[in-house]
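Spelled out, the chains give:
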Amino acid sequence: MSTSGETHSHGGRTHTHAHGHSAHAHDYYVPDLPESVDIFDTILRDGSQQEGLSLTVDDKLRVAEQLDHLGVTFIEGGWPGANPKDIEFFARAKKELKLGTATLVAFGSTRRAGVKPEADTVLANLIEAGAPVACIVAKSWDRHVAEALRTSLDEAVAMVADSVRYLREHDLRVFLDAEHFFDGYRGNPDFAIRVLAAAEEAGADALVLCDTNGGSLPDDVGQAVADVRERTSAQLGIHCHNDAGCAVANSLVAVQAGATQVQGCVNGYGERAGNTDLSAAIPNLSLKLNIRTIPAERLERLTPVAHHIAELVNIAPNAQQPYVGNSVFAHKGGLHTSAVARSADLYEHVQPNLVGNGTRVVVSEMAGRSTLAMKADELGLELDGEVIGRVLDQLKHLEHEGYHFEVADGSLELLLRRATGWTADFFTVESFRVITDHASPDAANASGETDPMDGVDALGVTTEATVKVHVGPDRIVATAEGNGPVNALDGALRGAIGAKFPALDHIHLTDYRVRVLDTGRGTGAVTRVLVDTTDGERTWTTIGVSENIIEASWQALYDSIVFGLLHAT
Ligand SMILES: [Zn+2]
């Protein structure tokens, strides 16, 4: 690592020192922006630390395929040797994963204190994993060395040097994750820099500065990265956590100060407040700073991939997630929406289609004719003035009954389509029935079923639904058990029509919410049910309202299935 030198070159960038130039509002050295940065996704390793996120090996392979489809540079696959699942992942990845743009990375740590690299199992597992790149974590905060590793600072530096050298000798590219770098740099900058220097001298390909506790603020990160940039010609990476809500901002200032590898997770998964959300970092870098990240023509895959991954990890997408959320280009309110129609850039910070999202008009009883006309336009429906007036009346009437179309885009679309004379002819419902049976668990166990918990919750309540439908000339009756009325009805309806509509295989409910309106009336009150459904890439919400919770649930479920079939064909 050099302490002087006027020009550094790596990763497609050349930056010359430009002390004192005033293009940026910083009083420290700011290099020219890089042409490109490497995007490094760690959903499969760091992101999987998120509470409630658990992936099978199959899930991990599917997520990796999505990341490759998006076009990230690196996919961190896991920690081979830490658990059997990650060992199996790397073994299967070698055979099954065909990566087009991404390179697979195996994660590990430096050798243990007092152990020779050739005798260290973590390093052996990294080599065994067969990924071309190893990312190894090292303590760069002196207090962690003393209090967590309980070894000397010299040994900690030697652990880094030995491990990087050993992996390089085995033909692996090596990234060094300098853990707690920013806290360490504040407390003992000499030691933090010694760790980086040892890695660089031993042949590390990238030095990744980690804000492991996630509490750093952008100015600190920018300053520290700029300091390090002055002292090394190695590629620098940035790895942030979002505990202070600054992970994306910190990643951007790090790039502006000289980092050319950005680590994080699509959708910002990770323990505590999560990692840098790459779904925001990528478009910020590409669209606003003009820095190449994923291939430009793939940026429009961002929203579908983010939603697909949310589906694979089984976490409902956040509607307000910047760039890719369902609500982030949604507009409501008369004046505002008509202005959006005239000049979207007055109200939208980027064109939503650039990231595969879309402008959405939100319609509620407050909507005027122009909002409704725009919504129809958005859906490609032609509604004349008379029909719009009729729909508006209907909308107001329904909202008065308890419907809330603002949050039920799926049902709203069906309402508008029906106003044009369209009818859903996929199937017709003759009747449905739901029976809930409360029996003691002992009795259920004694019934001889192989799995007494099938359709039986912990209290011994079974719900069974029967639906009778017609598809074309066929009358079909199907019955299913479920862990509640919606689940049972969904199962029965799928049982009845699934064979006729294979698209249903890819469509399933992700959330179900019940709200009791008019609570003053107690059990006689009106119930509003919202159902969220996904086909893996798009999510829609449908609504039902009734004094009867089963009827309300059925309406929402029926609309959800009809909407799914409509868009699958
Ligand atoms: Zn991390």
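Here, every reference points to the structure presented above.
Here's what I pulled together on the structure shown here. (Residues numbered from 1 in each chain as written. Predicted model: local features only at pLDDT ≥ 70, side-chain atom pairs only at ≥ 80, totals over all residues. Heavy atoms only, no water.)

## Quick notes on the overall build of the protein chain
Phase 1 of the analysis: Summing up its helical and strand segments, the protein chain has 18 helices and 18 strands in all.
Phase 2 of the analysis: Relative to its 569 residues, the protein chain shows a buried fraction of 53%.
Phase 3 of the analysis: Contacts spanning at least 24 positions in sequence make up 69% of the contacts within the protein chain whose residues lie at least 6 apart. (Helix = DSSP H or I, 4+ residues; strand = E, 2+ residues; numbered from the N terminus. Buried < 20%, exposed > 50% of the residue type's maximum accessible area, 1.4 Å probe, protein only. Contact = heavy atoms within 4.5 Å.)

## Considerations on helix α8 (residues 218–231)
Phase 1 of the analysis: The end-to-end C-alpha separation of α8 is 20 Å, in line with the 20 Å expected for 14 residues at 1.5 Å each.
Phase 2 of the analysis: Of the residues making up α8, those classed as buried are Val221, Gly222, Ala224, Val225, Ala226, Val228 and Arg229. (Expected span 1.5 Å × (residues − 1).)

## Considering the environment of alanine 146
Phase 1 of the analysis: Mapped onto the elements, alanine 146 comes out in helix α4 (residues 142–149).
Phase 2 of the analysis: In this structure alanine 146 comes out as partly exposed when scored by relative accessible area, which is 47%.
Phase 3 of the analysis: Considering only alpha carbons, one finds alanine 146 and alanine 156, 10 residues apart in sequence, at a separation of 9.6 Å.

## Observations regarding the coordination of the zinc ion
Under perfect tetrahedral coordination by four donors, a metal shows angles of 109.5 degrees; under perfect octahedral coordination by six donors, it shows angles of 90 or 180 degrees.
Phase 1 of the analysis: Only Asp46 (OD), His239 (NE2) and His241 (NE2) from the protein reach the zinc ion as donors, at distances of 1.9 to 2.1 Å.
Phase 2 of the analysis: Of note, the donors binding the zinc ion are all from one chain and are spaced D-x192-H-x1-H. (Donors = N, O, S within 2.8 Å, 3.2 Å for Na, K, Ca; no water.)

## So, the packing of helix α9 (residues 247–256) against helix α10 (residues 278–288)
Phase 1 of the analysis: One way to put it is that α9 packs onto α10 with a least axis distance of 10 Å and a crossing angle of 35 degrees. Like other packed secondary-structure pairs, α9 and α10 cross with a definite hand, here right-handed. Touching Val248, Leu252 and Val255 of α9 are Ala280, Ala281, Asn284 and Leu285, all from α10.
Phase 2 of the analysis: Within the contact of α9 with α10, the residues separate by chemical class into 6 nonpolar, 1 polar and no charged. (Axes fitted to C-alpha atoms, helices over the stretch in contact; angles between N-to-C directions. Left-handed = near helix turned anticlockwise from the far one by under 90°. Nonpolar A, V, L, I, M, F, W, Y, C, P; charged D, E, K, R; others polar.)

## A few points about the state of the cysteines
Such a bond, covalent and formed between the sulfur atoms of two cysteines, is termed a disulfide.
Phase 1 of the analysis: Enumeration over the complete set of coordinates arrives at 0 disulfides.
Phase 2 of the analysis: The closest cysteine sulfur to the non-disulfide-bonded cysteine 246 is located on cysteine 240, 9.3 Å from its own sulfur.
Phase 3 of the analysis: Judged by relative accessible area, which is 13%, cysteine 246 ranks as buried. (Disulfide = S-S within 2.5 Å.)

## Looking at helix α3 (residues 121–129)
Phase 1 of the analysis: Looking only at α3, the buried set comprises Val122, Leu123, Leu126 and Ala129. In an axial view of α3, the angular spread of the buried residues amounts to 120 degrees, which keeps them on one side of the axis.
Phase 2 of the analysis: In this fold, the buried residues of α3 make contact with α2 (84–96), β5 (103–109), β6 (133–139) and α5 (153–169).
Phase 3 of the analysis: Following α3 by one or two positions, glycine 130 adopts a phi angle in the positive range, close to 85 degrees. (Arc of directions from axis to C-beta.)

## Things to note about the side chain of threonine 232
Phase 1 of the analysis: Relative to the elements of secondary structure, threonine 232 occurs in the loop between α8 and β9 (235–240).
Phase 2 of the analysis: Residue classification places threonine 232 among the buried positions, given a relative accessible area of 0%.
Phase 3 of the analysis: One polar contact links threonine 232 to glutamate 200, side chain to side chain, over a distance of 2.8 Å. (Polar contact = N/O pair within 3.5 Å; in protein donor to acceptor, adjacent residues only side chain to side chain.)

## Focus on the pattern of salt bridges
Phase 1 of the analysis: This structure, assessed with the given rule, holds 28 salt bridges.
Phase 2 of the analysis: Where aspartate 162 meets arginine 165, a salt bridge forms, and the shortest distance between an N and an O atom there is 3.7 Å. Here aspartate 162 pairs with arginine 165, and both are found in helix α5, just 3 residues apart, close to one helical turn.
Phase 3 of the analysis: A salt bridge links arginine 513 to aspartate 511; the shortest N-O distance between them is 3.1 Å.
Phase 4 of the analysis: Residue class for aspartate 511 comes out partly exposed when judged on its relative accessible area of 32%.
Phase 5 of the analysis: Taken together, the shared-partner salt bridges in this structure form one network comprising Asp58, Arg62, Glu65, Glu88, Arg92 and Glu96. (Salt bridge = Lys/Arg side-chain N within 4 Å of Asp/Glu carboxyl O.)

## Details of the sheet that holds strand β13 (residues 428–438)
Phase 1 of the analysis: Taken in spatial order, the 3 strands make up an open sheet running β13-β14-β15, and their pairing is antiparallel. Unpaired on one side and paired on the other, β13 and β15 (474–482) mark the two borders of the sheet. Neighbour to neighbour, the strand axes of the sheet diverge by 10 degrees on average, direction disregarded.
Phase 2 of the analysis: Relative to strand β14 (residues 461–471), β13 runs antiparallel, the two sharing 10 bridges. The residue bridging histidine 438 from the neighbouring strand is valine 461, located in β14.
Phase 3 of the analysis: Most of the contacts of helix α17 (residues 485–497) go to β14, to which it runs at about 35 degrees, and overall it touches β13, β14 and β15. (Pairing = 2+ DSSP bridges.)

## Describing unusual backbone geometry
Phase 1 of the analysis: In this model, aspartate 171 sits at a positive phi of 65 degrees, which is unusual for a non-glycine residue.
Phase 2 of the analysis: Given a relative accessible area of 70%, aspartate 171 falls into the exposed group.
Phase 3 of the analysis: In this model, tyrosine 323 sits at a positive phi of 70 degrees, which is unusual for a non-glycine residue.
Phase 4 of the analysis: Tracing the backbone shows tyrosine 323 in the loop between α11 (302–313) and β11 (330–331).
Phase 5 of the analysis: When its relative accessible area of 3% is taken as the criterion, tyrosine 323 is described as buried.

## Quick notes on the nonpolar core
A general feature of soluble globular proteins is that nonpolar side chains tend to end up buried together.
Phase 1 of the analysis: Counting 95 residues, the largest nonpolar core has Ile43, Phe89, Val164, Leu176, Phe181 and Ile309 as the members making the most contacts within it.
Phase 2 of the analysis: The residues contacting isoleucine 43, other than those within four sequence positions of it, are Ser48, Val63, Leu67, Gly264, Cys265, Val266, Tyr269 and Ile309.
Phase 3 of the analysis: One finds Phe427, Ala465, Phe501 and Tyr558 within the second-largest nonpolar core, a separate group that totals 29 residues. (Core = buried A, V, L, I, M, F, W, Y, C linked by side-chain atoms within 4.5 Å.)

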